[in-house]
Amino acid sequence: MKNIIFIGGIHGVGKGTLCKRVCDDLNLRQLSASEVLKWEEISEKENKLVKDFTFTQDRLITNLQQIVKENERYILDGHYCLLNKNNLPEKIDFNTFRTLDPFAFIIVVDDVQKIKRRLENRDNREYDFDLLLKFQELETQYSKELAEQLNKPHLTLKSQETNNFKTFLYNENFTRH
């Protein structure tokens, strides 16, 4: 799906907010992997743990194939890694990204202490700093690995770098001029 840019980052990093700003400005469609998956149908609301990676990723691809139109451009906000049933970060299978075949890969990162505070305020519960740090490091490393293996452009952004995101999209000729 060469008309999709995949943007990932850990929960609470601000990727959704960043995507909304950029999509609104550039007439791109924003898709959230959680919404595409219809996450509320397959998981408990407060639970971010994934019990069956294969099922969720197959569902993501199937649902995207029904949603995505050839003549539109999309930013898909999701994850390169997810928390498995043991609450440990785990890479999403390479074949998911090969099948998705996005135009480019973007990773959104931020100071883990800020992310921790943001998540705790949003979810009204405690988060483990070391787990979030490990999660962000794995997502960052894997996003670069995927881009290299699939020969796609890659960009690392902070959540407030709207202009850098737009510049990347223009430079890669992803926007409609």
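Now for a look at the structure at hand. Just so you know, the residues in each chain are numbered from 1, in the order the chain's sequence is written. Given that the model is predicted, a residue must reach a pLDDT of at least 70 before its local features are reported, and side-chain atom pairs must reach 80 or more before they are shown or counted; all residues, however, enter totals for whole chains, interfaces and linings. The side-chain quantities take in all heavy atoms of the structure and omit both hydrogens and water.

As for the packing of aromatic side chains
- Any pair of Phe, Tyr and Trp rings, taking the six-membered ring for Trp, is counted once the centres come within 6.5 Å. Such a pair is stacked with planes under 30 degrees apart, edge-to-face with planes over 60 apart, and tilted for the rest. Applying the stated criterion across every chain yields a total of seven aromatic pairs.
- Considering the side-chain rings of Phe 6 and Phe 97, the 5.3 Å spacing of their centres and the 85° angle between planes classify their relative orientation as edge-to-face. Note that Phe 6 is positioned in strand β1 (residues 4–8) and Phe 97 in helix α5 (residues 94–100), a separation of 91 residues in sequence.
- With a 1.4 Å probe rolled over the protein chains alone, any residue whose accessible area is under 20% of its type maximum counts as buried; one over 50% counts as exposed, and the rest are partly exposed. Given the relative accessible area of 2%, Phe 6 is considered buried.
- Note on Tyr 80 and Phe 105: the rings are 6.0 Å apart at their centroids and 50° apart in plane angle, and the pair reads as tilted. Linking Tyr 80 in the loop between β4 (74–78) and β5 (81–84) with Phe 105 in strand β7 (residues 104–109), this pair joins segments that are 25 residues apart in sequence. Like Tyr 80, the residue Phe 105 is buried in the burial classification. Helix numbers and strand numbers start at the N terminus; a helix is a DSSP run of H or I with at least 4 residues, a strand a run of E with at least 2.

Notes on the nonpolar core
- In this structure, Leu 64, Ile 75, Tyr 80, Phe 97, Phe 165 and Leu 169 are the most contacted members of the largest nonpolar core, which totals 54 residues.
- The greatest single-element share of this core, amounting to seven residues, is contributed by helix α7 (residues 129–149). As used here, the term nonpolar core means buried Ala, Val, Leu, Ile, Met, Phe, Trp, Tyr and Cys residues forming a set that is joined through side-chain atoms within 4.5 Å.

Quick notes on the pairing of strand β8 (residues 154–158)
- A one-sided burial pattern is seen for β8, the buried positions being Leu 155 and Leu 157 and the unburied ones His 154, Thr 156 and Lys 158.
- Two strands pair if DSSP finds at least two bridges between them. Pairing of β7 with β8 involves five bridges; the strand directions are parallel. Directly across from Ile 106, in β8, lies its bridge partner Leu 155.

Points about the environment of Gln 136
- Following the sequence through the fold, Gln 136 ends up in helix α7.
- Through-space distance from the C-alpha of Gln 136 to that of His 11 is 9.3 Å; in sequence the pair is 125 residues apart.

Observations regarding the packing of helix α1 (residues 15–26) against helix α8 (residues 162–171)
- Contact pair α1 / α8: the axes reach a minimum separation of 10 Å and the direction vectors enclose 50°. Judged on the interaxial angle alone, α8 and α1 are oblique. Seen along the crossing, α1 lies across α8 with a hand that is right-handed. From α1, Leu 18, Arg 21, Val 22, Asp 25 and Leu 26 reach across to α8, where they touch Thr 162, Phe 165, Lys 166, Leu 169 and Tyr 170.
- Counted by class, the contact of α1 with α8 contains six nonpolar, one polar and three charged residues. Helix axes use the C-alpha atoms of the stretch in contact, all axes being lines fitted to C-alpha atoms, and the angles between their N-to-C directions lie in the range 0 to 180 degrees. For classification purposes, angles smaller than 35 degrees are called roughly parallel, those larger than 145 roughly antiparallel, those between 65 and 115 roughly perpendicular, and all remaining angles oblique. Crossing handedness is read from the near helix: turned anticlockwise from the far helix by less than a right angle, it gives a left-handed crossing, and turned clockwise, a right-handed one. Residues are treated as being in contact if the distance between any of their heavy atoms lies within 4.5 Å. We call Asp, Glu, Lys and Arg charged. Ala, Val, Leu, Ile, Met, Phe, Trp, Tyr, Cys and Pro are nonpolar, and the rest, Gly among them, are polar.

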